[in-house]
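# Coordinates in review
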Amino acid sequence: MLRRIIAENGRDHRWSYAVVIVCSLLVSGATAFSAWVMAPMVNEIFYERRGDAIVWICAGFMGAFIVRGFAGYGQAIALATIGNNLVARYQKRIFDHLMRLGVDFFSDTRSGRLAAQVDENVGGIRDLLSLTLISITRDAVTLVGLVALMVYQDPVLSLSSLLIGPPLIWAVVYITRRVRKINRESVLINSRLTGSIQEATQGIAIVKAFTMEDELARRIGIMADTAEQRSNKIARVSERLSPISDMLAGLAVTAVIAYSGYRALVLGQPPGAVFSFITALILAYDPARRLARMQVTMERALVNARMIYELLDLEPKQSDATDAVEARITTGEVRFSNVTFGYSADMPVLRDLSFTAAAGKVTAVVGASGAGKSTMVALLQRFYDVDMGSIEIDGQDISKVTKRSLRQSIAYVSQAPYLFEGTIRDNIRYGRLSAADAEIEQAAKQAAADEFIRQQPQGYDTPVGENGATLSGGQRQRVSIARAIVRQAPILLLDEATSALDNEAEARVQEALTHVMEGRTTIVIAHRLSTVVNADRIIVLEEGRLVEEGTHASLMADPHSIYARFHRIQGKKGLGLVDDVKPIQTSQRAKKAVGRKA
Ligand code: ADP
């Protein structure tokens, strides 16, 4: 894992790494020097009583600490720069990757949790890298310097104090293994917690309307408690290393003092070397402990890194064929031929569906909730691939053209108009990034949106609140219709809103839609009587099959037709009234299905 991270990111930071390494060598050299200087200090100043030694020993000591301070600073800055750059890089990479994944991924994943998990895990990767670098460079190099000094001063004592190594390593391995599992649980519970908080705030209107506050608070409270327990457990397990390593270190220092005391008292050796040795031993303890602990901490970071790569390694389920060409759209005629499709293999949602949506004409799709209307629209945009049959636009099979060019020829207006962070102008421009301001305003006029946009505090440059909270439902719909007009696509997919708007807003949206349908091949999931009545062609779906096809007049001619029955049951009041804009209420679930897919 570590190798992969370094291989993917190492090259661009060569200079920063060089700074880190040089600074680490300086830090470690200065540390070893300050331990070494103990020997001449004791021997020259206290044993030999030489005054001149005071000056150079003090100067040396001071010098070593100044070098250590500045080198430590350079090292920390270089590491932080690498770490922050790494975070930005993975954020970009993950977002790019998420955008490439198919809609199927998002219908299985909760977005809040996903965002939280990405956030937590990216931070983990940064820690992984800076931890390893700090440990390997500073601590390991320092340790090597100090151990070398110890061996130089006293090989026998060194050997005895290095005996604590093996039990320490055993303790580390044991603890690491214990911590691994809890870490993964902890990341998951934390991201669930953050995700739930995000979802609750996004759906705040529903939360309040259904007085869900207390219940949600209770659930979030439980998660917070579990997260707390997990963190405590991690702390308890990983901190077990402290008493173990401290006891072992105490043992080593005690042994050294006892043996060297015996040598000084019984054999009368000068104390300098022993002082230097003990100083080195004590100084070595910290980096040694950090190195041991690194293994445990790194385990957590590795869990994060693994989870990031699990996401990055997900292949988008359907990608362009290797010989995919650009879609060449002339008239925009859409033809479904014997299309069969199911989200899971055993449950077909569309069965042997064939129809043609004539170029430049309006085709209305009618059917009960769950009949497969939204699925049909999703297939035409190639969010999923058909199991059997084919979908053609102007005679080109959509599975043989690039998804990008296919989708560029389609404008989609969803039931729930989604507005993104940015200004109203930005939101319309997402239809076509190259659109000039004049085109945007023209589109807004056609969508009957110009007037209210100009009344906003900053006109077109007014930032929209999250999900367009500062605009009404009807206004949001008109902004999204303007987005579709700006796209200048030959094909329009329209999922009519089932949500009731007041009469005025309804009429305005209708007016906007009439404009956008003009001259485009329009496929509309119809919920309004006026749409169906005025459509050039109506297709009726039932359980994924096309059961009837015709115009309003021809379908109504047969009183036993399913279409006619629809009207009797659901649209009685509206029958025959062309201007009636009441929704037919065919689909409650369509809204949900599209919400999931979007
Ligand atoms: P409609 O738009 O006519 O209400 P849909 O196309 O949304 O119908 O749904 C048709 C069927 O496909 C339903 O049974 C629904 O449960 C199922 N379905 C819709 N979306 C998904 C999905 N993302 N994954 C699995 N099943 C789905």
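Predicted, not measured: the structure shown is a model, and the values here were computed from it.

## Some points on the overall build of the protein
A count of helical and extended segments in the protein gives 23 helices and ten strands. The C-alpha radius of gyration of the protein comes to 35 Å, more than 25% above the 25 Å expected for a compact globule of 598 residues. Structurally, the protein occupies a C-alpha span of about 120 × 55 × 50 Å along its principal axes. Looking at the 598 residues of the protein, the share that counts as buried comes to 46%.

## Digging into empty space enclosed by the protein
Gaps between atoms show up when a probe of the same size as a water molecule is rolled over them. Enumeration over the complete set of coordinates arrives at one cavity of 30 Å³ or more. If you add up the space inside the largest cavity, you get close to 90 Å³. Residue lining of the largest cavity: 13 residues in total, with Val413, Gln477, Asp495, Glu496 and Ala497 positioned closest to the centre. It is helix 18 (residues 473–486) that provides the largest number of residues to the lining of the largest cavity, a total of three residues. Taken together, the residues of the lining of the largest cavity break down into six nonpolar, four polar and three charged.

## With respect to the sheet that holds strand 1 (residues 334–341)
Reading across from one edge, 2-1-4-5 is the order of the four strands in this open sheet, with antiparallel pairing throughout. The two strands at the open ends of the sheet, each matched to only one other strand, are strand 2 (350–357) and strand 5 (396–397). The pairing of strand 1 with strand 2 spans five bridges and is antiparallel. Its bridge partner lying in strand 2, Val334 is registered against Ala357.

## Considerations on the layout of surface pockets
Quantified by volume, the second largest pocket comes out at close to 530 Å³. Of all elements in the fold, only helix 6 (111–153), helix 7 (155–162), helix 8 (165–202), helix 11 (241–267) and helix 12 (272–312) reach the threshold of two or more residues within the lining of the second largest pocket. Top contributing element to the lining of the second largest pocket by residue count: helix 12, with nine residues. Looking at the lining of the second largest pocket residue by residue, the class counts come to 18 nonpolar, four polar and one charged.

## Observations concerning the confidence of the model for the protein
When pLDDT is averaged along the protein, the result is 83, and 92% of the positions lie at 70 or above. Note that pLDDT drops below 50 for residues 572–598; the model gives that stretch 65 contacts with residues more than four away or on any other chain.

## Considering the pattern of salt bridges
Two side chains carrying opposite charge are able to pair once their charged atoms lie near each other. Using the criterion set out here, one finds 24 salt bridges in the structure. As a salt-bridge pair, Arg289 and Asp286 come within 3.3 Å of each other at their nearest N and O atoms. One end of the pair is Arg289 and the other is Asp286, both in helix 12 and three residues apart, which spans about a single turn. Relative accessible area serves as the criterion here: at 28%, Arg289 is assigned to the partly exposed category. Its relative accessible area of 35% is what places Asp286 among the partly exposed residues.

## Observations concerning the nonpolar core
By size, the foremost hydrophobic cluster in this structure holds 43 residues, and its most contacted members are Ile428, Ile453, Ile481 and Ile538. A per-element tally of this core places helix 18 first, with six residues. Contacts of Ile453, omitting those with residues within four sequence positions, involve Ile424, Ile428, Ala444, Gly459 and Tyr460. If you look at the next biggest cluster of nonpolar residues, it comprises 31 residues, including Ala327, Val339, Leu353 and Leu379.

Definitions and limits used
- Residues numbered from 1 in each chain as written.
- Predicted model: local features only at pLDDT ≥ 70, side-chain atom pairs only at ≥ 80, totals over all residues.
- Heavy atoms only, no water.
- Helix = DSSP H or I, 4+ residues; strand = E, 2+ residues; numbered from the N terminus.
- Rg over C-alpha atoms; globule rule 2.2 N^0.38 Å.
- Buried < 20%, exposed > 50% of the residue type's maximum accessible area, 1.4 Å probe, protein only.
- 1 Å grid on protein atoms, 1.4 Å probe; cavity = no way out; pocket = protein on both sides within 12 Å on 5 of 7 lines; lining within 4 Å.
- Points joined across faces, edges and corners; volume = space filled by probe spheres on them.
- Nonpolar A, V, L, I, M, F, W, Y, C, P; charged D, E, K, R; others polar.
- Pairing = 2+ DSSP bridges.
- pLDDT = per-residue confidence, 0-100.
- Contact = heavy atoms within 4.5 Å.
- Salt bridge = Lys/Arg side-chain N within 4 Å of Asp/Glu carboxyl O.
- Core = buried A, V, L, I, M, F, W, Y, C linked by side-chain atoms within 4.5 Å.

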